[in-house]
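# Geometric and topological summary
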Amino acid sequence: MKNKIRNEIKLKRKEMNPDDAKQKSFSAAWCFLNSELYLSANTIMLYMPLGNETDTGEIVKKAFEDRKRIVLPVTERSTGWITPFVFERGATLKKGSFSVLEPQNAEIAKKSEIDTVIVPGIAFDKAGSRIGFGKGCYDMFLDGLNAVKIGFCYDFQVMDEIPSDDHDIRMDFLVTEKGVLRCQ
């Protein structure tokens, strides 16, 4: 069932008009940036988008302006292990594992200092369940992390209910171009 949902949503996202994706990403970013979630955050871990994923660029720009600390994941391909690295203005990004942009020559961030995590995904439900790419990278990273977990996606990626396993880490909030939703 997860693979069926994963394939359907990935196709729908891939077929999005680039201008539509850009506008919806911009709207989602500003829904987050105008929320208490952003205002109360000090160290925000987010992702660099791949393909038509919801773009986090506006969040990065505003967070730098507001002097918030930005952290990006670097994923070990063989194990799926995520290491958080500090991302500073002007730092070099290079394609890493899975073709995702990752910081180069950066300092490792302490997990205990991360208070907000913007999490990518293929599909989410209103209870906070998430379907990712199926490797479990984020579930391993988020397990035991004391931070606000935010699924960042397009509205069509939010479903009423998706299958969930015991090891799946639930989101606390979802942010789309239509607003912020507290997961039940």
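See the structure above.
Residues numbered from 1 in each chain as written. Predicted model: local features only at pLDDT ≥ 70, side-chain atom pairs only at ≥ 80, totals over all residues. Heavy atoms only, no water.

### Some thoughts on the side chain of Thr43
Tracing the backbone through its elements, the reader meets Thr43 in strand β1 (residues 43-45). Residue classification places Thr43 among the buried positions, given a relative accessible area of 6%. Here Thr43 is in contact with Arg69, Val71, Glu113, Ile114, Asp115 and Thr116, once residues within four sequence places are set aside. (Helix = DSSP H or I, 4+ residues; strand = E, 2+ residues; numbered from the N terminus. Buried < 20%, exposed > 50% of the residue type's maximum accessible area, 1.4 Å probe, protein only. Contact = heavy atoms within 4.5 Å.)

### A word on the sheet that holds β1
The strand order β3-β2-β1-β6-β9-β11-β12 describes an open sheet built from seven strands, whose pairing is mixed. The open sheet terminates on both sides in strands that have one partner only, identified here as β3 (82-87) and β12 (179-182). With direction set aside, neighbouring strand axes in the sheet form an average angle of 25°. In this sheet, strand β9 (residues 148-152) lies alongside strand β6 (residues 116-119) in parallel orientation, the contact comprising four bridges. Bridge pairing in β9 links Thr116 to Val148. (Pairing = 2+ DSSP bridges. Axes fitted to C-alpha atoms, helices over the stretch in contact; angles between N-to-C directions.)

### Re the packing of aromatic side chains
The relative placement of two aromatic rings is captured by the distance of their centres and the angle of their planes. One pass over the structure, following the stated rule, counts four aromatic pairs. Here the aromatic rings of Phe32 and Tyr38 are separated by 5.6 Å at their centres, their planes lie at 75°, and the arrangement is edge-to-face. The same class applies to Phe32 as to Tyr38, namely buried. Ring geometry for Tyr154 and Phe156: centres 5.7 Å apart, planes at 10°, overall stacked. By relative accessible area, Phe156 is classed as buried at 19%. Positioned above the aromatic ring of Tyr38 is the side chain of Lys68, whose terminal nitrogen or guanidinium carbon lies 4.6 Å from the ring centre. The ring of Phe141 carries the charged tip of Lys111 above its face, separated from the ring centre by 4.5 Å. (Phe/Tyr/Trp six-rings, centres within 6.5 Å; stacked < 30°, edge-to-face > 60°. Lys NZ or Arg CZ within 6 Å of the ring centre and 35° of its normal.)

### Description of the pattern of salt bridges
Under the definition given, this model contains ten salt bridges. Close ionic contact of Arg69 with Glu113 constitutes a salt bridge, the shortest N to O distance being 2.6 Å. Linking Arg69 in strand β2 (residues 69-75) with Glu113 in the loop between β5 (101-103) and β6, this pair joins segments that are 44 residues apart in sequence. What makes Arg69 partly exposed here is its relative accessible area of 24%. Glu113 gets classed as partly exposed once you look at its relative accessible area, which sits at 34%. Asp155 is paired through a salt bridge with Lys178; the nearest N and O atoms lie 3.5 Å apart. On the criterion of sequence distance, the pair formed by Asp155 in the loop between β9 and β10 (158-159) and Lys178 in the loop between β11 (173-176) and β12 is long-range, its members being 23 residues apart. (Salt bridge = Lys/Arg side-chain N within 4 Å of Asp/Glu carboxyl O.)

### What about the layout of surface pockets?
Left-over empty space is what a probe sized like a water molecule reveals as it rolls over the atoms. Roughly 560 Å³ of internal volume is contained in the largest pocket. Around the largest pocket sit 28 residues that line it, and Pro120, Arg130, Phe133, Cys137 and Tyr138 are the ones nearest its centre. Contributing elements (two or more residues each) for the lining of the largest pocket: α1 (2-14), β2, β8 (130-131) and α5 (137-142). Ranked by residue count, the leading element in the lining of the largest pocket is α5, at three residues. In terms of residue class, the lining of the largest pocket is made up of twelve nonpolar, seven polar and nine charged. (1 Å grid on protein atoms, 1.4 Å probe; cavity = no way out; pocket = protein on both sides within 12 Å on 5 of 7 lines; lining within 4 Å. Points joined across faces, edges and corners; volume = space filled by probe spheres on them. Nonpolar A, V, L, I, M, F, W, Y, C, P; charged D, E, K, R; others polar.)

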